[in-house]
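# A closer look at the structure
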Amino acid sequence: MHGGDRAHSTAPRSADDRAALRADCGNCFALCCVALTLTRSADFAVNKAAGTPCRNLRDDFRCGIHSRLRTDGFPGCTVYDCFGAGQKVSVEIFGRRDWRGAPETAQQMFQVFPVVRQLHELLWYLTEAAALTPARPLRGEVRRTLEATEALTRLDASALADLDVAAHRGEVAGLLGRVSALVRATAPGRKKRNHRGGDLIGARLRGTDLRGADLRGAYLIAADLSGADLRLADLIGADFRDADLSGADLTGALFLTQAQVNAAKGNGTTRLPSSLDRPTHWEK
């Protein structure tokens, strides 16, 4: 068991109250640079086994090529988002004992990190769901599920390592699906497009009205979504790698994450939810 004096955090209360679900690399022991497996591809220039530090990681837990990640073959690093799990594991669960200074913590720390990362991602979605007015009939259930998920993140390291997080994700996914249906039903138009899990790789969707569409888990890699209207569309798990969002309207899109936005292309006219930042690599 690990942790020492653990902060008793509370579940976020509104869609904009998600500070704890944003990465704070200054309070993390570079867990994403060590705990995760990297596969040589367009996203990563090297193969790296889980538990092995990235070759670019410095002794101070900072990236040695942070300003050159995209040009040096590591664009995947600029897309990844831990949803604040890094600082949660480093500061709260392991009491600021790092895997270098306390190597006996390394194996369990690297095992716990992806579990907490999944729980924090669920908290991001549930916090948004709790603030959606059309989903008011489900608000009580959403709040209870949010609080239960937050409670799981406060388990000790041993319990987190043994947690069946996939089962919990399945339960939450069903609830989020019901929330999505209530909210998307308010979008204008009688028929809502259903592309759930669809293959839309390279699709020409320029200027398309996708309000209220179900794009959950859709493959939108390199799709042309420039000028598209994605308000009230369910985007949970949609793959936006290299999708063109120039001029697209994603305000009010459901369950969009920073990682999805970072993976896409956009420009100064792309409209994003207030909870997300405009990527620095986008065109002006």
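For clarity, every value in this text was computed on a predicted model and none was experimentally measured. (Residues numbered from 1 in each chain as written. Predicted model: local features only at pLDDT ≥ 70, side-chain atom pairs only at ≥ 80, totals over all residues. Heavy atoms only, no water.)

So, on to the overall build of the chain. Looking only at helices and strands, the chain has 7 helices and 0 strands in total. Each helix (α) and strand (β) of the chain, taken in turn from the N terminus, gives the series α-α-α-α-α-α-α. The C-alpha atoms of the chain give a radius of gyration of 19 Å, which matches the 19 Å a tight globule of 284 residues would have. Seen through its principal axes, the chain has C-alpha atoms that stretch 60 × 45 × 30 Å. Scored against the burial criterion, the 284 residues of the chain give a buried share of 49%. Carbon and sulfur atoms make up 49% of the accessible area of the chain, which amounts to about 13600 Å² in all. (Helix = DSSP H or I, 4+ residues; strand = E, 2+ residues; numbered from the N terminus. Rg over C-alpha atoms; globule rule 2.2 N^0.38 Å. Buried < 20%, exposed > 50% of the residue type's maximum accessible area, 1.4 Å probe, protein only. Areas by Shrake-Rupley, 256 points an atom, 1.4 Å probe, with all protein chains shown as cover.)

The next subject is the packing of aromatic side chains. Scanning the entire structure with this criterion turns up 5 aromatic pairs. When the centroid spacing of 5.9 Å and the interplanar angle of 65° are considered together, the rings of W99 and F110 count as edge-to-face. One end of the pair, W99, is in the loop between α2 (85-93) and α3 (106-130); the other, F110, is in helix α3, with 11 residues separating them in the sequence. Exposure remark for W99: the relative accessible area of 9% places this residue in the buried category. (Phe/Tyr/Trp six-rings, centres within 6.5 Å; stacked < 30°, edge-to-face > 60°.)

Moving on to the packing of α3 against helix α6 (residues 165-184). When two helices pack together, their arrangement is captured by the angle between the axes and the distance separating the axes. Running from N to C, α3 and α6 point in directions that differ by 15°, and their axes come no closer than 11 Å. Judged on the interaxial angle alone, α6 and α3 are roughly parallel. The two elements α3 and α6 cross, and the hand of that crossing is left-handed. Contacts from V115, Q118, L119, E121, L122, Y125, L126 and A129 of α3 reach α6 at V165, H168, R169, V172, L175, L176 and V179. Looking at side-chain class alone, the contact of α3 with α6 contains 11 nonpolar, 2 polar and 2 charged residues. (Axes fitted to C-alpha atoms, helices over the stretch in contact; angles between N-to-C directions. Parallel < 35°, antiparallel > 145°, perpendicular 65-115°, else oblique. Left-handed = near helix turned anticlockwise from the far one by under 90°. Contact = heavy atoms within 4.5 Å. Nonpolar A, V, L, I, M, F, W, Y, C, P; charged D, E, K, R; others polar.)

We now examine the packing of α2 against α3. Contact pair α2 / α3: the axes reach a minimum separation of 8 Å and the direction vectors enclose 125°. When the axes of α2 and α3 are compared, the pair comes out oblique. The element α2 and its partner α3 pack so that their crossing is right-handed. Every residue of α3 that contacts α2 at A85, G86, K88, V89 and I93 is listed here: M109, V112, F113, V116, R117 and H120. Tallied by class, residues from the contact of α2 with α3 come to 7 nonpolar, 2 polar and 2 charged.

Moving on, we come to the pattern of salt bridges. Tallied over the entire structure, the rule returns 17 salt bridges. Among the ionic pairs, R62 bridges to D60, the shortest N-O distance being 4.0 Å. A relative accessible area of 53% places R62 in the exposed class. D60 gets classed as partly exposed once you look at its relative accessible area, which sits at 41%. With its nearest N and O atoms 3.5 Å apart, the salt bridge here joins D249 to R231. (Salt bridge = Lys/Arg side-chain N within 4 Å of Asp/Glu carboxyl O.)

Turning next to α3. Relative to the 36 Å expected for 25 residues at 1.5 Å per residue, α3 spans 36 Å between its end C-alpha atoms, a close match to the ideal helical length. Burial within α3 is extensive, with 21 of its 25 residues counted as buried. (Expected span 1.5 Å × (residues − 1).)

What follows deals with unusual backbone geometry. Residue F61 is not a glycine yet carries a positive backbone phi of 70°. Of note, the phi angle at A222 is positive, near 60°, even though the residue is not glycine. When you line up the elements, A222 lands in the loop between α6 and α7 (258-263). Assessed through its relative accessible area of 43%, A222 is described here as partly exposed.

Here we take up the environment of N267. Along the chain, the position of N267 falls in the segment after α7. When sequence neighbours within four positions are dropped, the list of residues in contact with N267 reads S246, G247, R278, W282, E283 and K284. There is a polar contact of 3.2 Å between the side chain of N267 and the backbone nitrogen of G247. One polar contact links N267 to T269, side chain to side chain, over a distance of 2.7 Å. (Polar contact = N/O pair within 3.5 Å; in protein donor to acceptor, adjacent residues only side chain to side chain.)

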